[in-house]
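Listed below, chain by chain, are the residues.
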Amino acid sequence: MSFVTEALLDESNVLATDEGWMRLGDRVVFDIAGPEVVVGSEVCLVVAASSPSWTDEDRRCVTIVDELP
């Protein structure tokens with residue numbers, strides 16, 4: 001479950017917040033055979049951002065759970 005996606009950010013497609021900038025509305029769709037393939041696995045989303053004068057990265061990890069009976 002890994003692929004690189006690039007997006008050019010500017011003031012027209014981000015929101016200013018007290019903590020920096022936020023981008024909303026992006027979707028990720030995973031092509032999996034069924035929940036048994038991923039339940040219990042850890043999935044990490046990594047965002048790397050850069051400009052001509054700086055580079056930064058953020059990582060958020062979650063464990064996949066199945067809440068359906």
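Residues numbered from 1 in each chain as written. Predicted model: local features only at pLDDT ≥ 70, side-chain atom pairs only at ≥ 80, totals over all residues. Heavy atoms only, no water.

**Digging into the pairing of strand E4 (residues 55–63)**
Little of E4 sits inside the fold, with zero of its nine residues counted as buried. Sheet topology note: the strand E3 (residues 42–50)/E4 ladder contains nine bridges and is antiparallel. Across the sheet, the residue bridging to Val 43 is Val 62, located in E4. In this antiparallel pair of consecutive strands, E3 and E4, the connection spans four residues. (Buried < 20%, exposed > 50% of the residue type's maximum accessible area, 1.4 Å probe, protein only. Helix = DSSP H or I, 4+ residues; strand = E, 2+ residues; numbered from the N terminus. Pairing = 2+ DSSP bridges.)

**Considerations on the state of the cysteines**
For the structure on display, the rule yields one disulfide. The disulfide that involves Cys 44 links it to Cys 61, with 2.1 Å between the sulfurs. On the sign convention where negative is left-handed, the bridge of Cys 44 and Cys 61, at about 110° about the S-S bond, is right-handed. Taken as a pair, Cys 44 in strand E3 and Cys 61 in strand E4 lie far apart in primary sequence, 17 residues in all. Looking at Cys 44, the relative accessible area reads 31%, which means it is partly exposed. (Disulfide = S-S within 2.5 Å.)

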